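# Inside the fold
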Amino acid sequence: METCECHKTKERSEEEYKRLVHRLNRVEGQIRGIRGMVERSAYCPDILAQVAAANAALNAFAKELLSEHIRTCVTRDIREGKDETVEELLCTLQKLMK
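Okay, so let's go over this structure. (Residues numbered from 1 in each chain as written. Predicted model: local features only at pLDDT ≥ 70, side-chain atom pairs only at ≥ 80, totals over all residues. Heavy atoms only, no water.)

### Examining the packing of helix α2 (residues 44–79) against helix α3 (residues 84–96)
Condition: To obtain an axis, a line is fitted to C-alpha atoms, over the contacting stretch when the element is a helix, and the angle between two such axes runs from 0 to 180 degrees between their N-to-C directions. Secondary structure follows DSSP: runs of H or I at least 4 residues long count as helices, runs of E at least 2 residues long count as strands, and numbering of each begins at the N terminus. To sort the angles, those under 35 degrees are grouped as roughly parallel, those over 145 as roughly antiparallel, those from 65 to 115 as roughly perpendicular, and the leftovers as oblique. Less than a right angle of anticlockwise turn of the near helix away from the far helix marks a crossing as left-handed, whereas a clockwise turn marks it as right-handed. Only heavy atoms matter for contacts: two residues are in contact if any of them lie within 4.5 Å across the pair. Residues are grouped as follows: Ala, Val, Leu, Ile, Met, Phe, Trp, Tyr, Cys and Pro are nonpolar; Asp, Glu, Lys and Arg are charged; all remaining types, including Gly, are polar.
Viewed as axis vectors pointing N to C, α2 and α3 meet at an angle of 170 degrees, and their least axial separation amounts to 10 Å. Taken together, the axes of α2 and α3 lie roughly antiparallel to each other. Here α2 runs over α3; the crossing is left-handed. Contacts between α2 and α3 involve Ala62, Leu66, His69, Ile70, Val74, Asp77 and Ile78 from the former and Thr85, Val86, Glu88, Leu89, Leu93 and Leu96 from the latter. Within the contact of α2 with α3, the residues separate by chemical class into nine nonpolar, two polar and two charged.

Written as C-alpha cells, this is what we have:
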C-alpha cells in the first residue's frame, strides 16, 4: 500500500501556540457577537462594522501564521533543497489573495 504525505503537521512552540489560539478565540468571540447582533435585529451598518472587524482579526491571524510558516517550514525546506515548498507557498499565497 502506498503512503501519501497529504497531512503534514508542524511542531509549534508553546508561545506560538498560545498566540495563535488567543487570536482565534478573539475571532470566535467576534463571530458570536455578530450572531447576537443578528438575533437582536441590530441595525445593518452596525453589524457590518463588526463583520469588518472580524475580517481584520482573521487576516491578522493569517498574516501571523504565514510569517511563522515562512520563517520556519519554508526556510528549512529551502535549505534542505526541497524546491516544491516554494510552489506550495505560491499556491498558498494565491488562495489567501482571492
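### Points about the layout of surface pockets
The line we're drawing: Using a grid of 1 Å spacing that covers the protein atoms alone, one calls a set of points a cavity when a 1.4 Å probe fits there but cannot get out, and a pocket when the set is open and has protein on both sides within 12 Å along at least five of seven lines; lining residues are those with an atom within 4 Å of a point. Grid points are joined across faces, edges and corners, and a volume is the space filled by probe spheres set on the points.
The computed volume of the largest pocket comes to approximately 590 Å³. Contributing to the lining of the largest pocket are 21 residues, with Lys8, Lys10, His69, Cys73 and Glu88 lying nearest its centre. Secondary structure elements with two or more residues in the lining of the largest pocket: α2 and α3. The dominant element in the lining of the largest pocket, judged by the number of residues it contributes, is α2, at nine residues.

### Side note on the pattern of salt bridges
Side chains that differ in sign of charge can pair as their charged atoms come close. Stated precisely, the cut-off is as follows: Any carboxyl oxygen of Asp or Glu that lies within 4 Å of a side-chain nitrogen of Lys or Arg is treated as forming a salt bridge with it. Per-residue accessibility, obtained with a 1.4 Å probe over protein chains only, is compared with the maximum for each type, and a residue is labelled buried under 20%, exposed over 50%, and partly exposed between these values.
Per the counting criterion, the structure on display carries eleven salt bridges. Of the charged contacts in the structure, one is a salt bridge between arginine 19 and glutamate 64, with a shortest N-O distance of 2.5 Å. One end of the pair, arginine 19, is in helix α1 (residues 14–39); the other, glutamate 64, is in helix α2, with 45 residues separating them in the sequence. Overall, the relative accessible area of 31% leaves arginine 19 in the partly exposed class. A residue is classified by how much of its surface remains accessible, and glutamate 64, at 18% relative accessible area, is buried. In this structure, the salt-bridge partner of glutamate 39 is arginine 35, at a minimum N-O distance of 3.6 Å. Of this pair, glutamate 39 and arginine 35 are both found in helix α1, four residues apart, which corresponds to roughly one turn of the helix. The class for glutamate 39 is exposed, based on a relative accessible area of 59%.

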